[in-house]
Amino acid sequence: MSAELEAEKADARMLMRAERNAVEPRDAPLKLIDNFPLELARVSPVAGYWPVGSEIDGRPLLAALAKVGNVVALPRMETRQGPARFLAWRGSEALTADAFGVPSPPKGAQEVTPRLILVPLIAFDRAGNRLGQGGGHYDRIISLYRAHGAIAVGIAYAEQEMGAVPTGPHDAHLDWVITPKEAIRCVRGAPLTGRA
């Protein structure tokens, strides 16, 4: 990655993390359920995530998907370099901290190959570009499971939208973004809108 792109991403992360931190969650997690497309709700297994910091809480959505019969999984990182393993989670089992200290299913839980991946993010645009924490973990996850037909769905507040997210050749794109306001089917090469 060029120094210029790295600096552009760092600036965007700082700006958009502040935007996300300023959002008052209220009933946003429940509105994700209302906006979740039926065609996606039929895809299983579903890989979710445990929210960290000001990430939007997708756990009510995971519970709703599990209630209609989907297998739900959470990632577990055994080392900070990865790779992540997705382990089945029924919502009632005790979780343990992974290499990042994030609550995760225990090592012995059943490993699954997700067909739908719910992805946390700092910023997104309507072409499916995503700005993450900068470690590349979800870029690798999306690329790996997309080769098996998985769909990548960003979960975010509407305030996290940018006109154009700075991206490089190794950044994996999203197929959808679900916010408390709408479901966005991302189209590569589509005209970009939203905030710069």
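Residues numbered from 1 in each chain as written. Predicted model: local features only at pLDDT ≥ 70, side-chain atom pairs only at ≥ 80, totals over all residues. Heavy atoms only, no water.

## Things to note about the layout of surface pockets
A probe matching the size of a water molecule, rolled over the atoms, marks out where space remains unfilled.
Then, number 1: Within this model, the largest pocket holds a volume of roughly 870 Å³.
Then, number 2: Together, 38 residues line the largest pocket, and Arg-130, Gln-133, Gly-135, His-137 and Tyr-138 are the ones closest to its centre.
Then, number 3: Contributions of two or more residues to the lining of the largest pocket are made by α1 (3-22), β2 (72-77), β8 (130-131) and α5 (137-146).
Then, number 4: The volume enclosed by the second largest pocket comes to roughly 170 Å³.
Then, number 5: In terms of lining, the second largest pocket is formed by Val-23, Glu-24, Pro-25, Arg-26, Asp-27, Ala-28, Lys-31, Tyr-157, Ala-158, Glu-159, Pro-180 and Lys-181. (1 Å grid on protein atoms, 1.4 Å probe; cavity = no way out; pocket = protein on both sides within 12 Å on 5 of 7 lines; lining within 4 Å. Points joined across faces, edges and corners; volume = space filled by probe spheres on them. Helix = DSSP H or I, 4+ residues; strand = E, 2+ residues; numbered from the N terminus.)

## With respect to the pattern of salt bridges
Then, number 1: On inspection of all chains with the given rule, the structure shows 11 salt bridges.
Then, number 2: Of the charged contacts, one joins Lys-31 and Asp-27 as a salt bridge, the two residues approaching to 3.8 Å between their closest N and O atoms.
Then, number 3: Residue classification places Asp-27 among the partly exposed residues on the basis of a relative accessible area of 37%.
Then, number 4: One salt bridge in this structure joins Arg-90 and Glu-93, with 3.1 Å as the shortest N-O distance.
Then, number 5: Residue classification places Arg-90 among the exposed positions, given a relative accessible area of 64%. (Salt bridge = Lys/Arg side-chain N within 4 Å of Asp/Glu carboxyl O. Buried < 20%, exposed > 50% of the residue type's maximum accessible area, 1.4 Å probe, protein only.)

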